[in-house]
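So you can see what is in the structure, the chains are spelled out below.
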Amino acid sequence: MNRILACRELRARAPQTALSWFSSLNISRSVHGLPFATVEAEEISGSQPAEVLNLVQGKWKKTARWNTILDPLNGEPFIKVCEVDETGIQPFVESLSKCPKHGLHNPFKAPERYLMFGDISAKAAHMLSLPKVFDFFTRLIQRVAPKSYQQASGEVYVTRKFLENFAGDQVRFLARSFGVPGNHLGQQSHGFRWPYGPVAIVTPFNFPLEIPVLQLMGALYMGNKPILKVDSKVSIVMEQMMRLLHYCGLPIEDVEFINSDGKTMNKLLLEANTRMTLFTGSSRVAEKLALDLKGRVKLEDAGFDWKILGPDVQEEDYVAWVCDQDAYACSGQKCSAQSMLFIHENWSKTSLLSKMKDLAERRNLEDLTIGPVLTVTTETMLEHKNKLLQISGSKLLFGGEPLKNHSIPPIYGAIEPTAIYVPLEEILKGNNFDLVTREIFGPFQVVTDYRSDQLPLVLDAVERMHAHLTAAVVSNDPLFLQEVIGNSVNGTTYAGLRARTTGAPQNHWFGPAGDPRGAGIGTPEAIKLVWSCHREIIYDVGPLPKQWEIPPST
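Please read these numbers as outputs of a predicted model, since none were measured by experiment.

## Digging into the pattern of salt bridges
In step 1: Tallied over the full model, the rule gives 29 salt bridges.
In step 2: Linking Arg243 and Glu239 is a salt bridge whose minimum nitrogen-to-oxygen distance equals 3.3 Å. Here Arg243 pairs with Glu239, and both are found in helix H8 (residues 235-247), just four residues apart, close to one helical turn.
In step 3: Of the residues examined, Arg243 reaches a relative accessible area of 16% and is grouped as buried.
In step 4: A salt bridge links Asp292 to Lys288; the shortest N-O distance between them is 2.8 Å. Here the residue Asp292 and the residue Lys288 both occupy positions in helix H10 (residues 283-292), the gap between them amounting to four residues, near one helical turn.

## Side note on the sheet that holds strand E7 (residues 187-194)
In step 1: Pairing is antiparallel across the open sheet formed by three strands, whose spatial order is E6-E7-E20. Every interior strand has two partners, whereas the edge strands, strand E6 (178-181) and strand E20 (533-540), have only one. Here the strands of the sheet are splayed against their neighbours by 20° on average, with no regard to which way each runs.

## What about the packing of helix H3 (residues 112-129) against helix H7 (residues 210-221)?
In step 1: At a closest axis distance of 10 Å, the pairing of H3 and H7 adopts a crossing angle of 155°. Considering their axes alone, H3 and H7 lie roughly antiparallel with respect to each other. Here H3 contributes Tyr114, Phe117, Ile120 and Ser121 to the contact with H7, which in turn contributes Met217, Leu220 and Tyr221.
In step 2: Of the residues in the contact of H3 with H7, the class split is six nonpolar, one polar and no charged.

## Some thoughts on the packing of aromatic side chains
In step 1: Under the defined criterion, the tally for this structure stands at 13 aromatic pairs.
In step 2: Between Phe36 and Phe137 the ring centres are 5.9 Å apart and the planes differ by 5°, which places this aromatic pair in the stacked class. With Phe36 in the loop between helix H1 (8-12) and strand E1 (50-52) and Phe137 in helix H4 (residues 131-144), this pair connects stretches of sequence that are 101 residues apart.
In step 3: In this structure Phe36 comes out as buried when scored by relative accessible area, which is 5%.
In step 4: Cluster of aromatic residues (ring-pair linked, three or more members): Phe117, Phe162, Phe166 and Tyr221.
In step 5: A cation sits over an aromatic face here: Lys80 above Trp66, 5.0 Å from the ring centre.
In step 6: For Arg464, the ring lying beneath its charged end belongs to Phe433, and the centroid distance is 4.1 Å.

## Things to note about a nonpolar patch on the surface
In step 1: Taken together, Phe108, Tyr539 and Val541 make up a surface patch of nonpolar side chains, about 330 Å² in accessible area.
In step 2: On the secondary structure map, Phe108 appears in the loop between helix H2 (90-97) and H3.

## What to know about the confidence of the model for the chain
In step 1: Residues of the chain with pLDDT of at least 70 account for 94%, and the chain-wide mean is 93.
In step 2: In the predicted structure, residues 1-31 sits below a pLDDT of 50 and forms 59 contacts with residues beyond four places in sequence or in another chain.

## Section: the pairing of strand E19 (residues 492-495)
In step 1: Of the two faces of E19, only one is covered, namely that formed by Thr492 and Tyr494; the face formed by Thr493 and Ala495 stays uncovered.
In step 2: As judged from the four bridges shared by strand E18 (residues 470-474) and E19, these two strands associate in the parallel manner. Along E19, the bridge assignment pairs Val473 with Ala495.
In step 3: The parallel pair E18 and E19, bridged by helix H18 (residues 478-486), forms a crossover whose chirality is right-handed.

Rules of the game
- Residues numbered from 1 in each chain as written.
- Predicted model: local features only at pLDDT ≥ 70, side-chain atom pairs only at ≥ 80, totals over all residues.
- Heavy atoms only, no water.
- Salt bridge = Lys/Arg side-chain N within 4 Å of Asp/Glu carboxyl O.
- Helix = DSSP H or I, 4+ residues; strand = E, 2+ residues; numbered from the N terminus.
- Buried < 20%, exposed > 50% of the residue type's maximum accessible area, 1.4 Å probe, protein only.
- Pairing = 2+ DSSP bridges.
- Axes fitted to C-alpha atoms, helices over the stretch in contact; angles between N-to-C directions.
- Parallel < 35°, antiparallel > 145°, perpendicular 65-115°, else oblique.
- Contact = heavy atoms within 4.5 Å.
- Nonpolar A, V, L, I, M, F, W, Y, C, P; charged D, E, K, R; others polar.
- Phe/Tyr/Trp six-rings, centres within 6.5 Å; stacked < 30°, edge-to-face > 60°.
- Lys NZ or Arg CZ within 6 Å of the ring centre and 35° of its normal.
- Patch = residues over 30% accessible without salt bridge, like charges linked within 9 Å, V, L, I, M, F, W, Y side chains within 5 Å.
- Areas by Shrake-Rupley, 256 points an atom, 1.4 Å probe, with all protein chains shown as cover.
- pLDDT = per-residue confidence, 0-100.
- Right-handed = clockwise from strand over helix to strand, strands pointing away.

Okay, structure coming up:
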């Protein structure tokens, strides 16, 4: 367990506040030290496996089917997830079907619930500010999605700040309406944000707390009744967070929490007739859902994300460090991870690549700055490496070997941080492009270089990519920035010397662009776009003009 023990200094920095609501709570009085928790992260093991349940119709329930999750670090069967199969979906279908299309609340119905969710957010944010709670979720994330303490704690921090952002009156401000004068006395049109009613949220393994909490709370804020499915490998994190939210006042009937395979969830979505589904994950599944649900989806799918280094070379150490973080933090298992790096010829003359190599080689399993890859095997990544190296002019810059001296089970991947150079002209060849731009959800990136007169070729490459999530344009040259930004589409694009592709906080939109199904996360704009629709109500109360008479037919 020493691999996941946290840096005490980082734990000590977890902020503390005092709320009168919480002043009387003795945080150490429960069995596990936390009043909501049913597990202790460091006790979960093959000899003491944890259990994850389902929540339906206001009750935590077991089923006869258990999915055993292997510890990503040693292969022990350390979590038993109670999964629902296709024969067990009816209670979930019934619960969602009881929610009307106009939701659990809206601007004309139960508006006090906007205030309730402001209070819940304040209490939950405060809970996450307590060092013991902050550390609990950080370590629990590390157990199921191994990453460094700093990376895992960053996820908890962003979640807490998001909840702080929507405390007090901020939830009701999400439902702010507007009015426009009409054509005559007594007529006004008003625009309102309206819930969908029964909705679904499907989220991946790589951010087991941040993504599901931000989307779940957004759905609830706007008046929807959601069913939440998180990847079973990491669903224990969200199960514990659900218990914390109930402790903070969330009505237990407001959310359904299900563990299942994809086939079962697909059947449930169809039978429950969910009005909107938020899906974060692979493009293949996203496209299937879009067809099955007849377009009633919002998607934040795959991201083959690019970074372009402009002609102005400066702060070489900093740029190298950001490139390393973007490509290899969380073992590259971020939808915003740097997948392709375009280096201007001026940067090619520096020691940037050697510094990136040195930074990559610092990463190790002991502090989880490199770790298990949960969706791509070692063999798959090595096979992809070998195919890229068959392209004319390509070469291995660093990495490319399996990790050594570990007990990571073979169902997961374990590879050194890897970078492969491929010439720009070769990338653009039709028979190479799909191979080079294949997303490998692990510590793997493609690097190329370009001359100033080849910028149109770079822009052609980013235009041909099919996923447009994040991007970075590293330059302080305003004309260069203008050219690249004006000829690209990625929804979250960082521009300037300090530009990055990863590490999105809660204070700006994160999501793709160029697709009307694209989903955002984190901000008021994202919540309103994903979790509400527009409703226009036109008041027309009169009076009628004096001496009004029935006009001729038209």
